[in-house]
Amino acid sequence: MKASFKFSAFLFFQIFMSSQILKVNAQDSCNSILNLESKLLFDTTSFHCLSVWDQQGYILRYMRTDTNVWSFVLSAPNTNAYIAMGFSKNGKMVGSTAIVGWVANDGTATMKKYFLGGQSPNEVLPDEGNVQLVNLTSSVIVENSRIYVAFQLNTEMPSNRLIYSIGPAGMLPFTADFRLSEHQDHTSTSLNYNTGQSETKTLYANLRRSHGLLNMFGWAIFMPIGVMVARYLRHYDPIWFYSHTTIQSVGFILGFAGIISGLVLNGRLQNNVNRHKGLGIFILVLGCLQVIAILVRPDKESKKRKYWNWYHYITGRLLIFLAAINVFYGIHLGDAGSSWKAVFSMVLVVLFIIAAVLEIRMWKRK
């Protein structure tokens, strides 16, 4: 019995250790040795190595291997999706040339060059682009659950604005026309080839920040404050009314500016953010309806005033609810980080606590 237990424990230990070894081997890092020399079509000794996209586990190795020849090896986890590395003049995806590699379910490895002439699939052209590949040196290899895309460029100096992307899982290009599906995620970086330093570039950072702050303060902060003034400070008549109108007007102006800046940003980045954009426009429409409602507000003695109050109440609350959701969604889309989410969440919690305290005091007065 003891022998059986010891054997089972030993067997479990062996299986555990084997799984850990496989797990380590499935990972790639700049501290590990690239054991692909027999499979690659060029020597990778003494290559620079750096992690270029931690979120997706992308690692780039590169080196100038001849006078006008630059060699690259991009590795990433094999998720049954294509991986791509684009060379851009300005950091934008449109107008860049991408080197894309993938491995089909049957093990067929493919690498293609694409010119990204636009956002639609018809404008992404295979075997086109403004970079020149060195013939017979490209390869795509799968090793230890990672995919390696190796290629050489014939150029004096490659563009330092690099874009990395990953395709949707299970949607590989068909061999008929090699049409490329829209990427699942991407990042834009800048690489100093001499020092090996890479940094993520946020295009139009100031415009992004302005768009986020204007909408956050306009729709999701000033508007709730204005609502609380109208609900809890009515005993300070007519100060509450003028305060409510002023605060909501400031919120509307800031929110309107935020929507406009968002449309400008979308036009420059040409990103697919249709849900965020559509929700923002709907919020703006609700805001415009609130402004129109003020202009046609019935007298207090009017029978229609009750229905107007219902409309004004429901529309205002719906606007604030959707605005809060869209701000969080915008932070997610802009990859602004957890600090933005944390600060905005804290602001909402503070506003909620204040509203709860004022609500209790109002009910006690009744």
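Procedures and definitions
- Residues numbered from 1 in each chain as written.
- Predicted model: local features only at pLDDT ≥ 70, side-chain atom pairs only at ≥ 80, totals over all residues.
- Heavy atoms only, no water.
- UniProt positions renumbered as here; feature names shortened; annotations may be inferred.
- Phe/Tyr/Trp six-rings, centres within 6.5 Å; stacked < 30°, edge-to-face > 60°.
- Lys NZ or Arg CZ within 6 Å of the ring centre and 35° of its normal.
- Patch = residues over 30% accessible without salt bridge, like charges linked within 9 Å, V, L, I, M, F, W, Y side chains within 5 Å.
- Areas by Shrake-Rupley, 256 points an atom, 1.4 Å probe, with all protein chains shown as cover.
- Salt bridge = Lys/Arg side-chain N within 4 Å of Asp/Glu carboxyl O.
- Helix = DSSP H or I, 4+ residues; strand = E, 2+ residues; numbered from the N terminus.
- Buried < 20%, exposed > 50% of the residue type's maximum accessible area, 1.4 Å probe, protein only.
- Core = buried A, V, L, I, M, F, W, Y, C linked by side-chain atoms within 4.5 Å.
- Contact = heavy atoms within 4.5 Å.
- 1 Å grid on protein atoms, 1.4 Å probe; cavity = no way out; pocket = protein on both sides within 12 Å on 5 of 7 lines; lining within 4 Å.
- Points joined across faces, edges and corners; volume = space filled by probe spheres on them.
- Nonpolar A, V, L, I, M, F, W, Y, C, P; charged D, E, K, R; others polar.
- Disulfide = S-S within 2.5 Å.
- Axes fitted to C-alpha atoms, helices over the stretch in contact; angles between N-to-C directions.
- Parallel < 35°, antiparallel > 145°, perpendicular 65-115°, else oblique.
- Left-handed = near helix turned anticlockwise from the far one by under 90°.

Per an unreviewed UniProt entry, the protein chain is named Cytochrome b561 and DOMON domain-containing protein, and its organism is Anisodus tanguticus. Of the protein chain, the UniProt comment under Subcellular location (unreviewed entry) reads exactly: "Membrane".

Colleague: Is there a simple way to explain the packing of aromatic side chains in this structure?
Modeller: Applying the stated criterion across every chain, the model contains 17 aromatic pairs. Aromatic pair Trp240 and Phe241: ring centres 5.8 Å apart, planes at 85°, arrangement edge-to-face. Among the aromatic side chains, those forming a connected cluster through ring pairs are Tyr62, Trp70, Phe72, Phe87, Phe151 and Tyr193. When the ring centre of Trp240 is taken as origin, the NZ or CZ atom of Arg234, which lies over that ring, is 4.2 Å away.

Colleague: Help me out: how do you make sense of a nonpolar patch on the surface in this one?
Modeller: On the surface, a cluster of nonpolar side chains totalling about 990 Å² of accessible area is made up of Phe256, Ile260, Leu263, Val264, Ile281, Val285, Leu289, Val291, Ile292, Leu295, Val296 and Tyr311. Of all the secondary-structure elements, those providing two or more residues to the nonpolar patch are helix H3 (239–269) and helix H4 (274–295). The biggest single contributor to the nonpolar patch is H4, with six residues. Mapping Val285 onto the fold places it in helix H4. Val285 sits in the partly exposed class, given a relative accessible area of 41%.

Colleague: It is not clear to me how the nonpolar core should be interpreted in this structure. Could you clarify?
Modeller: Note on soluble globular proteins: their nonpolar side chains tend to be buried together. Membership of the largest hydrophobic core comes to 29 residues, with the highest contact counts inside it found for Tyr58, Leu60, Phe72, Met85, Phe87, Phe151 and Tyr164. What Phe72 contacts, discounting residues up to four positions off in sequence, is Phe42, Leu60, Arg61, Tyr62, Met85, Phe87, Val149, Ala150, Phe151, Leu153, Pro158 and Tyr193. Ala84, Met93, Ile163 and Phe178 belong to the second largest nonpolar core, which has 13 residues in total.

Colleague: Sorry, what's going on with the layout of surface pockets here?
Modeller: Roughly 970 Å³ of volume is contained in the second largest pocket. Ala230, His244, Ile294, Trp308 and His312 are the residues nearest the centre of the second largest pocket, which is lined by 33 residues in total. Listing elements by their share of the lining of the second largest pocket, those giving two or more residues are helix H2 (205–232), H3, H4 and helix H5 (305–333). Looking at which element gives the most residues to the lining of the second largest pocket, the answer is H5, with ten residues. When the residues that make up the lining of the second largest pocket are grouped by side-chain class, the tally is 16 nonpolar, nine polar and eight charged.

Colleague: Would you explain unusual backbone geometry in this entry?
Modeller: If a residue is not glycine, its phi is most likely negative; likewise, a peptide bond is most likely trans. Backbone torsion omega between Asp237 and Pro238 reads 0°, so that peptide bond is classified as cis. Along the chain, Pro238 falls in the loop between H2 and H3. Positive phi, close to 65°, is recorded for Ser46, a residue that is not glycine. Positionally, Ser46 belongs in the loop between helix H1 (2–26) and strand S1 (48–53). A positive phi is found at Leu136, a non-glycine position, where the angle reads about 65°. Relative to the helices and strands, Leu136 is located in the loop between strand S7 (124–126) and strand S8 (139–143).

Colleague: Got a minute to help me understand the pattern of salt bridges in this structure?
Modeller: Side-chain pairing between opposite charges can occur once the charged atoms of the two side chains come close. Counted according to the given criterion, the structure contains three salt bridges. Put simply, Glu359 and Arg231 hold a salt bridge, and the shortest N to O gap is 2.9 Å. Linking Glu359 in helix H6 (residues 338–365) with Arg231 in helix H2, this pair joins segments that are 128 residues apart in sequence.

Colleague: Would you take a moment to explain the state of the cysteines for this structure?
Modeller: Covalent bonding between the sulfur atoms of two cysteines is what defines a disulfide. Taken as a whole, this structure holds one disulfide when the rule is applied. Two residues, Cys30 and Cys49, share a disulfide whose sulfurs are 2.1 Å apart. Between Cys30 and Cys49 the disulfide shows an S-S torsion of about -85°. By sign, it is left-handed. One end of the pair, Cys30, is in the loop between H1 and S1; the other, Cys49, is in strand S1, and 19 residues separate them in sequence. In this structure Cys30 comes out as partly exposed when scored by relative accessible area, which is 36%.

Colleague: Explain the packing of H2 against H3 to me, please; I cannot follow it from the model alone.
Modeller: For any two helices packed against each other, the geometry comes down to the angle between their axes and how far apart the axes lie. In the contact formed by H2 and H3, the axes pass within 7 Å of each other and the chain directions differ by 155°. In this view, H2 runs roughly antiparallel relative to H3, as classed from their interaxial angle. Seen from above, H2 lies across H3 with left-handed handedness. Split into classes, the residues belonging to the contact of H2 with H3 amount to 21 nonpolar, twelve polar and two charged.

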